[in-house]
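Inside the fold
Each chain, letter by letter, is given below.
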Amino acid sequence: MSALSPVDRLRAQALFSDHHPWLLGRLHDRLRNRAQAEDMASETFVQVIGSERLASIEQPRAFLTTVAKRVLYEFWRRRDLERAYCAALEQLPEIHVPSAEDRALLLESLERIAQALDGLSDKARHAFLLSQLDGLTYQEIADHIGVSHGMVRKYMAQGWRACTLATL
């Protein structure tokens, strides 16, 4: 919190002391795991205090709820991604199973790619996934989502650009 002005530091301290127990309770009710709830509450406050909107928060609990929902969504998305990856690994012959270090690196890359794809429009993300996961041609994708072949090409370029930037 050293980058905060003295006034913002006081605001952050008041926000935390006034609302941390409440947020922790809400997260614990959702997660049923105290340690995870504490992690999610901490991450929520880190994001809120690091935001430029700290001084303009009029309804702290509503704002904290919104940020906490995003934090939970990312947590659940990462957990689901890890589960899907582990399930895919179980299908591999033993000789092809990556080491623990390689698995960690691959999961990290998958997470960055998933986050990058989340930054695309719904249609661009859908088009990219239809191509890469379902093997559809550009024309099949265009017909499926109701856009032109040229638009699918643009969506694919956006998807590849996002994936490339995510893995650099």
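Per chain, residues are indexed from 1 in the order of the written sequence. Since the coordinates come from a predicted model, pLDDT governs what is reported: local features require at least 70, and pairs of side-chain atoms require 80 or more to be given and counted, while whole-chain, interface and lining totals use all residues. For side-chain calculations, the full set of non-hydrogen atoms in the structure is used, while hydrogens and water are omitted.

Turning our attention to the side chain of Arg77. Here Arg77 lies in helix H3 (residues 60–90). Two N or O atoms count as a polar contact when they lie within 3.5 Å, although within protein this holds only if one can serve as hydrogen donor and the other as acceptor, and sequence-adjacent residues are included solely when both atoms are side-chain atoms. At 2.6 Å, the side chain of Arg77 and the side chain of Glu74 are in polar contact. With residues up to four places along the chain from it excluded, the contact list for Arg77 reads Glu111, Ala114, Gln115 and Asp118. Helix and strand assignments come from DSSP, with helices taken as H or I runs of at least 4 residues and strands as E runs of at least 2, each series counted from the N terminus. In what follows, a contact means two residues having at least one pair of non-hydrogen atoms within 4.5 Å.

Looking now at the pattern of salt bridges. Note that side chains of opposite charge can pair when their charged atoms are close. Salt bridge criterion: a side-chain nitrogen from Lys or Arg within 4 Å of a carboxyl oxygen from Asp or Glu. Taken as a whole, this structure holds 10 salt bridges when the rule is applied. In this structure, Arg77 and Asp118 form a salt bridge, with 3.2 Å as the shortest nitrogen-oxygen distance. Of this pair, Arg77 sits in helix H3 while Asp118 sits in helix H4 (residues 100–118); the two residues are 41 residues apart in sequence, bridging distant segments of the chain. Partly exposed describes any residue whose relative accessible area lies between the buried limit of under 20% and the exposed limit of over 50%, with all areas from a 1.4 Å probe on protein chains only and scaled to the type maximum. Assessed through its relative accessible area of 13%, Arg77 is described here as buried.

Here the focus is the side chain of Thr65. Of note, Thr65 is situated in helix H3. Leave out the neighbours within four places in its chain, and Thr65 touches Trp22 and Arg26.

Before going further, it helps to spend a moment on H3. Each turn of an α-helix holds 3.6 residues, which means side chains three or four residues apart point in the same direction. For H3, with 31 residues, the first-to-last C-alpha span of 45 Å sits near the 45 Å given by 1.5 Å per residue. Looking only at H3, the buried set comprises Phe63, Leu64, Thr65, Val67, Ala68, Val71, Leu72, Arg77, Tyr85 and Leu89. Buried residues in H3 make contact with helix H1 (6–31), helix H2 (34–50) and H4. What a helix is expected to span follows from its residue count: subtract one and scale by 1.5 Å.

Another aspect to go through is the packing of H2 against H3. Geometry is summarised by axes, namely lines fitted to C-alpha atoms with helices restricted to the contacting stretch, and by angles between N-to-C directions that run from 0 to 180 degrees. The interhelical angle for the contact between H2 and H3, taken along N-to-C directions, is 120°, at an axis separation of 9 Å. Put simply, H2 runs oblique to H3. The two elements H2 and H3 cross, and the hand of that crossing is right-handed. Contact with H2, carried on its side by Gln36, Met40, Glu43, Thr44, Phe45, Gln47 and Val48, involves Phe63, Leu64, Val67, Ala68, Val71, Leu72 and Phe75 of H3 and no other residues of that element. Put simply, angles under 35 degrees are roughly parallel, angles over 145 are roughly antiparallel, angles from 65 to 115 are roughly perpendicular, and the rest are oblique. In this scheme the handedness of a crossing depends on how the near helix is turned from the far one: anticlockwise by less than a right angle means left-handed, clockwise means right-handed.

We call Phe, Tyr and Trp rings a pair once their centres come within 6.5 Å, taking the six-membered ring for Trp, and we label the pair stacked below 30 degrees between planes, edge-to-face above 60, and tilted otherwise. By the definition in use, this model includes two aromatic pairs. Summarising the aromatic geometry, the rings of Phe16 and Phe45 are spaced 5.0 Å apart at their centres and angled 70° between planes, so their arrangement reads as edge-to-face. Of this pair, Phe16 sits in helix H1 while Phe45 sits in helix H2, and the two are 29 residues apart along the sequence. Taking the relative accessible area as the measure of exposure, Phe16 reaches 38% and is therefore partly exposed. The class for Phe45 is buried, based on a relative accessible area of 3%.

Checked against the element boundaries, Thr137 lands in the loop between helix H5 (122–134) and helix H6 (138–145). Linking Thr137 and Ile57, residues 80 residues apart in sequence, is a C-alpha distance of 47 Å.

Okay, unusual backbone geometry next. Within the chain, Arg32 stands out as a residue other than glycine whose phi angle is a positive 60°. Looking at the element boundaries, Arg32 is found in the loop between H1 and H2. Overall, the relative accessible area of 63% leaves Arg32 in the exposed class.

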